[in-house]
Amino acid sequence: DTTAQISSLKELRQHAEKIPVDERISLLKRIQKRHEARLLSVPGVSGVGIGMDEARKDKVLVVFVEKLTDKLKSTIPSELEGARVRVIESGVIVAH
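Residues numbered from 1 in each chain as written. Predicted model: local features only at pLDDT ≥ 70, side-chain atom pairs only at ≥ 80, totals over all residues. Heavy atoms only, no water.

**Quick notes on the sheet that holds strand E2 (residues 59-65)**
Reading across from one edge, E1-E2-E4-E3 is the order of the four strands in this open sheet, with mixed pairing throughout. Strands with a single pairing partner mark the edges of an open sheet, and in this sheet they are strand E1 (45-52) and strand E3 (79-80). Inspection of the sheet shows E3 paired to strand E4 (residues 83-89) by two bridges, in the antiparallel sense. If you follow Glu79 over to E4, its bridge partner there is Arg84. (Pairing = 2+ DSSP bridges. Helix = DSSP H or I, 4+ residues; strand = E, 2+ residues; numbered from the N terminus.)

**Here's the deal with the environment of Arg24**
Along the chain, Arg24 falls in helix H3 (residues 21-40). Residue classification places Arg24 among the buried positions, given a relative accessible area of 17%. Each C-alpha atom, one on Arg24 and one on Val60, is 9.5 Å from the other, the two residues being 36 residues apart in sequence. (Buried < 20%, exposed > 50% of the residue type's maximum accessible area, 1.4 Å probe, protein only.)

**Considerations on H3**
Considering bend angle alone, the principal kink of H3 is centred on Arg34 and spans about 45°. Among all positions of H3, only Arg24, Leu27, Leu28, Ile31, Gln32, His35 and Leu39 are buried. (Bend = angle between axes of the 7 residues up to and from the residue.)

**Comments concerning the pattern of salt bridges**
On inspection of all chains with the given rule, the structure shows four salt bridges. Close ionic contact of Asp53 with Arg84 constitutes a salt bridge, the shortest N to O distance being 3.6 Å. A residue pair is termed long-range when its members are at least 10 positions apart, and Asp53 in the loop between E1 and E2 and Arg84 in strand E4 qualify at 31 residues. Take Arg84: its relative accessible area is 32%, and that puts it in the partly exposed class. Between Arg84 and Asp58 there is a salt bridge, and its shortest N-O distance comes to 2.6 Å. A residue pair is termed long-range when its members are at least 10 positions apart, and Arg84 in strand E4 and Asp58 in the loop between E1 and E2 qualify at 26 residues. (Salt bridge = Lys/Arg side-chain N within 4 Å of Asp/Glu carboxyl O.)

**Considerations on the side chain of His35**
Turning to its location among the elements, His35 is positioned in helix H3. Within the structure, His35 has its side chain in polar contact with the side chain of Glu81 (distance 2.7 Å). When residues no more than four places from it in sequence are discounted, the contact partners of His35 are Leu80 and Glu81. (Polar contact = N/O pair within 3.5 Å; in protein donor to acceptor, adjacent residues only side chain to side chain. Contact = heavy atoms within 4.5 Å.)

These figures capture arrangement, not role.
So this is what it looks like as structure tokens:
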């Protein structure tokens, strides 16, 4: 079973066409859980989730920021454990 052998996104990318979307999302969720607290502690970061890359072809980790600044661009990694990270300027997120 290929899915049981996949332990990182790097490996996942090599076998992506064989892995169901829900398995890719499951792996991203585990990576998100390991890094979410640290990312949310960065001033200006308002959320972390899973979404699509800019080309809408692959699932990625998404970091939402109030305002995308040069400092945030240099602070937020472009990849975590092999998973690409997309940064989206969302403005202030308010719970209702």
